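Each chain, written out:
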Protein chains: 4
Amino acid sequence: MISSSEPGDAAIRGSILIAGVGSAQGLGAAIARRFGREGYPVVIAGRNAEKLEATRSRLDADGITVRATSGDVANQEDVKRFVAAAAEQAPLAVAVHNAGSNRPAPFLELLQEEFEAHWREHALGAYHLARAALPALLARQNRDQPFSHGPSLIFTGASGSLRGKANYAPFSAAKGALRNLSQSLAREFGPWGVHVAHVVIDGGIAGERLLSKRPQLRDSRGPDGLLNIDAIADAYWTLHHQHRSAWTQELDLRPWSESF
Amino acid sequence: MISSSEPGDAAIRGSILIAGVGSAQGLGAAIARRFGREGYPVVIAGRNAEKLEATRSRLDADGITVRATSGDVANQEDVKRFVAAAAEQAPLAVAVHNAGSNRPAPFLELLQEEFEAHWREHALGAYHLARAALPALLARQNRDQPFSHGPSLIFTGASGSLRGKANYAPFSAAKGALRNLSQSLAREFGPWGVHVAHVVIDGGIAGERLLSKRPQLRDSRGPDGLLNIDAIADAYWTLHHQHRSAWTQELDLRPWSESF
Amino acid sequence: MISSSEPGDAAIRGSILIAGVGSAQGLGAAIARRFGREGYPVVIAGRNAEKLEATRSRLDADGITVRATSGDVANQEDVKRFVAAAAEQAPLAVAVHNAGSNRPAPFLELLQEEFEAHWREHALGAYHLARAALPALLARQNRDQPFSHGPSLIFTGASGSLRGKANYAPFSAAKGALRNLSQSLAREFGPWGVHVAHVVIDGGIAGERLLSKRPQLRDSRGPDGLLNIDAIADAYWTLHHQHRSAWTQELDLRPWSESF
Amino acid sequence: MISSSEPGDAAIRGSILIAGVGSAQGLGAAIARRFGREGYPVVIAGRNAEKLEATRSRLDADGITVRATSGDVANQEDVKRFVAAAAEQAPLAVAVHNAGSNRPAPFLELLQEEFEAHWREHALGAYHLARAALPALLARQNRDQPFSHGPSLIFTGASGSLRGKANYAPFSAAKGALRNLSQSLAREFGPWGVHVAHVVIDGGIAGERLLSKRPQLRDSRGPDGLLNIDAIADAYWTLHHQHRSAWTQELDLRPWSESF
C-alpha cells in the first residue's frame, strides 16, 4: 500500500486521543481497540469516570493498554488535559471527537438548556478538541518526518448532520455546526498537513448505547443491519492512513440494507 | 396571482416581527419598509436601542410607521417581548430572524467567547425566535382563515451556511446550526401550516454595514454587483406570499456577476 | 418593487418561449397564461401538435393569445424554429425548458432506449434550448436596455434532480445532467447578464398529466396537497423579474404538507 | 480487520473488471495492479487496443497477469464481452467504471456531438456496465458465500459531478447523470447485497493523461499536490472490502494542499 510508509516504532507512529468514550461495547472503545492493537499509544476520555475505568479495564483484559482520563469535552481545561495525556505518551498523531448524544423531542416541548446542551457536546466540544489538538498535530507535522499521511483530526457525524428532521432540531443544529466547523478546519489546516475528516454515520450503531435500550433491533434489522462498531473503527483507521495526495474530507457509512 | 388571496384589512393580514434590525440602510430596515408599505403592522427589534430608534424615525419620515423594541435575540425574555409587541398590533403573520454578524479570524487566534458568541447570535437567537413565534403563528393558522399562504418564519443565511471556509469557523458553524434548525422546523411545522424558509445570501450586501467599512466595493463590483437590500426584501415578501401548495424552503440569492 | 422597472411596451418587454407544453391543464400552459396575461408575446412548443393546438385554442378562449409551434425539443432544428417563432414577435426575454416525462422501472428491466430517451427529453432538449436561446437572450442583454432584471433561461427540475431513488435511474440521471448543465450555464452566462435558474419541483403537480391517471390524489393529499400549476407559474414569473443584484439559481417548491 | 473475512482462494475471491483503462501510468492500471497484486483475476478494458495491450504487457512485466479486452464502454455488446471475460476467470466480484474524458469548451462553441459524446462515455457507459455486471454481481451475492463484504460496482466521479462550472457543461452534465445513476443503483441494489459506490476525485491526477500534457504540474503543485494513482487505487480496494454493515456510497478524494 502506498499509504503504509509508517515506521514500526510507537514513539514515532504517535499517539491517539479519543474523546467521547463510554462503554467497552461502544464506538469509542472500538476505535481504541483498532489503533491500540497496532501499537498506537491510546488515551480515552469520557464524562463518566466509572464507565471509562471499566472500559479501560476491559480493553486491558483484551491486551490493549490504554490510558483513561475523565472529563467533559465541553470544558476547555478538561480537553487540554486529554491532549496533554496523549502527548505525554508520544507526539499526538490522531484526535477523534466522538462525544454527544441525541435526545429528540417535539420542538415546542424543548427547554433552552437542551438546545444548548446538544451544541455543547457536539459543537463546542469539537471546537475545544480542535483548539487543543491542532497545535500538537501541527508540531508533529512540522518535524522532518517520514510520513506520507497526515496527523488527523476526525469528527463523528450522523445523517442529522446533513439535514434537519422533525423533532431533531437540537441534534441536527449541533451536528450541522460540527460539520461546517470540520469543513472550515479542513480548508484552513489541510495545506499545513493536518487531515481533517468528518464521518457521517447513517444508521443505527450496534453498540451498547442503542442495544441496551432496543435489543430487538439486532434481529429486526436483519444480519449486519446495524453498523458494526469494528467496521466503523476500520474506517477511522483507514482515514488516518490515507496518503496525503488523496484525502477524504467526508465519509458516509451505512448498513447495506439501510434505506436512505 | 394565485397567491394574492389576501384581504385588505391590516388586522386580518397580520403583523410582522423583524429581529435583527440595525441601520436604516440595512436589510432589516428594507424588509420593514417592504411590508410596512403594504400596510402590515411592523415591529423591528435590535440590540442597539439608539440605532434602532434612528431607524424607526427614518422609516417614519418615509411614511412607514413601525414599532421599535430593543433587546438581545439570544435572550429568551427579550424575544418574548418582541413577539408580544407584534402580536399586540395584529395576529403575528411573519417572523424574520436577521440577527448576527461575521467576524472571521484564524482559528488558532479565536477565543471560546467568540465561537460561542456567533452561535448565540445566529443559532440560539433563531431558536428563541422560533420558540416564541411558533405558538403565535400556529394560533393564527388554526383559525378559520381566508389565507392560501401560510404564516411564515424566515431565517437569513449566507454562503457560509452551506460550507465552512478557512478562517470562518465560528460563523460557518453557527450558520450551519441555523440551517439545520430551519429544516427541522420546516419538516415539523410545515404540515401545521407554517412556512419555514431559509434564505442563502451569497455575496456582499449593499447595506450600511458593508459599505461603511468598504465603500469602494460599490464601484469595484460594477453595477448591481452587490445585493440590493430592497431586492432581498422583495424575496422575503414573495416567500411569505407563496401559495401553500408551492412553498420554497431554501432560496439562494446572489448578484448576477458573482462568481460562485 | 425594485424589480418592477419594466416598461409597458410588449415589444420592449420581450417574448417568452415555453418548450414542453401539453394540455391546457398542465404547467407549461399555466406559465403561458401567467406571462400572456401581463402582455408578454408567448410561444408554446410541444411534441403533440393536436394537443398543442387544443391548448392554444383554450388559452385563446381565455383571452390569452399565444403562438403554437410543434416539434421535438431533442431535435436541434425544431428548437431553432421555436426560438425563431418567439423572436419574430419580440426580442426573446425568457426561455423555459419544461419538457420530459418520468417512466420509472426496475433497473434490470430497462431498455437502453428508455435510458437514452429520458436523457434526450430532459438533458439534450435543455442543451438545444440553451444553444438556440442564448444568442437571442445575450443580444437582448447587450442592447442599451432599461431593465434591471435579466433575460432568463429557466429549467424545470424535480426532487429526482437532487438524488437518485431506486427504480428511477433514467429520470434521475437525466435530471442530474440537466441540473449540472443549468449550474454551468449560470456560471458562464450570469456575468453576461443572463439569469439561468433551475426549479426543483418536489411533489405531485395538480395538472392534467397526474390527475388524469390518479384523480384520487387530489383528495387523498388534502387541500393544496399537490402543487397548484398557477402557483408554480408564479414562481417562474418571479424568477424572471428578480432584480439582477439578487438572483436565485435554484428554487425548490413543494406543498406545505409534503414530507421531505 | 473485521472486513478481512476473505478466503485466500482466487476462485472464491472473485474477479475484477476495470472498464476505462489506458496507459500503464493511469488510474485504471493502478487499480488493476492493486487488485492483481492480491491475487484477484483482473480484466482490463479500453477503447485503444494498442495502448491496452502495452499496459497489459507492462503489468505482466511487473508480475501482474491481467487479461485485456478492447472495446467501447458506450457499446452494449462490447460491455457484455468485458463482463463475460471477467466471469470466465472467476465469479465477478468487482466492476469499475473509469471511462471518459473531459474536453472543456465555451458553451456557444460546442457541437451537439460533443455534448452527447461526454454523456456516452460517462453516463451511458456506466449504464451499460451496470446492466451487464449487476446480474453477475447479484448471482455471486446470492450464493451461500463466506463474505461479509459485498460484490462492488464502483464509479469514478469528479468535482464536476457535484457542480457545474463555466465551460464544463458537457462534462458536468454527464458526471451529474452518472452520480444520480450511482445513487439510484445503490438504493435499488444495496438491499440485495451489492455495494454501489461513487468516488469523487477532486483535483489533478498524477497519471499519464495529465502529466503528458502538463508535466510542469508535478512540480508547481508541490509534493503530493496531485492525486497519486496508487493512493486512489487504495481507496477502491478499501471500498470493495468494507464490511457490509458500514458501506460508503460517496467518497471524496483530494490532495492535502488542494483548495476546495
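I will try to describe carefully the structure that is included in this document. (Residues numbered from 1 in each chain as written. Chains lettered and ligands numbered in written order. Predicted model: local features only at pLDDT ≥ 70, side-chain atom pairs only at ≥ 80, totals over all residues. Heavy atoms only, no water.)

Turning our attention to helix 4 (residues 76-89) of chain C. Residue and element names in this part refer to chain C. Over its 14 residues, helix 4 extends 21 Å from the first C-alpha to the last, a length consistent with the 20 Å expected when each residue adds 1.5 Å. Buried within helix 4 we find Asp 78, Val 79, Phe 82, Val 83, Ala 85 and Ala 86. The buried residues of helix 4 occupy an angular sector of 155° when the element is viewed end-on, so they sit on one face. (Helix = DSSP H or I, 4+ residues; strand = E, 2+ residues; numbered from the N terminus. Expected span 1.5 Å × (residues − 1). Buried < 20%, exposed > 50% of the residue type's maximum accessible area, 1.4 Å probe, protein only. Arc of directions from axis to C-beta.)

Overlay of chain A on chain B (RMSD 0.0 Å): rotation 180°, translation along the axis 0.0 Å. Expressed as a symmetry operation, the mapping of one chain copy onto the other fits a two-fold axis. (Least-squares fit on C-alpha atoms with pLDDT ≥ 70 in both.)

So, on to the environment of Asp 252 of chain A. Here Asp 252 of chain A lies in strand 7 (residues 250-253). Residue Asp 252 of chain A is classed as buried on the basis of its relative accessible area of 11%. For the pair Asp 252 of chain A and Phe 115 of chain A, spaced 137 residues apart in sequence, the C-alpha separation works out to 25 Å. Ignoring anything within four residues of it in the chain, the contact list for Asp 252 of chain A reads Val 200 of chain A together with Trp 247, Thr 248, Gln 249 and Glu 250 of chain D. (Contact = heavy atoms within 4.5 Å.)

Turning our attention to the pattern of salt bridges. The tally for this structure, following the rule as stated, stands at 76 salt bridges over all chains. The salt bridge partner of Arg 81 of chain B is Asp 78 of chain B, with a shortest N-O separation of 3.1 Å. Pair noted here: Arg 81 of chain B and Asp 78 of chain B are both in helix 4 (residues 76-89), with a separation of 3 residues, about one helical turn. Given a relative accessible area of 18%, Asp 78 of chain B falls into the buried group. When the shortest N-O distance is used, the salt bridge between Arg 120 of chain D and Glu 116 of chain C registers 2.9 Å. Pair noted here: Arg 120 of chain D is in helix 5 (residues 112-142) and Glu 116 of chain C is in helix 5 (residues 112-142), and the two residues belong to different chains. Judged by its relative accessible area of 25%, Arg 120 of chain D falls in the partly exposed class. Within this structure, Arg 33, Arg 58, Asp 62 and Asp 230 of chain A form a network of salt bridges that share partners. (Salt bridge = Lys/Arg side-chain N within 4 Å of Asp/Glu carboxyl O.)

Contacts between chain A and chain B engage 43 residues on the former and 43 residues on the latter. Buried area between chain A and chain B, summed over both chains or domains, comes out near 3,400 Å², and the portion from carbon and sulfur atoms is 59%. Area buried by chain A at its contact with chain B is led by Phe 107, Leu 108 and Trp 119 of chain A, which between them contribute 19% of it. Inspection of the chain A/chain B interface yields 2 salt bridges. There are 30 residue pairs in polar contact (both at pLDDT 80 or more) connecting chain A and chain B. Where the side of chain A that touches chain B is concerned, the elements lending two or more residues are helix 5 (112-142) and helix 6 (169-189) of chain A. (Buried area = accessible area lost by both parts, 1.4 Å probe. Polar contact = N/O pair within 3.5 Å; in protein donor to acceptor, adjacent residues only side chain to side chain.)

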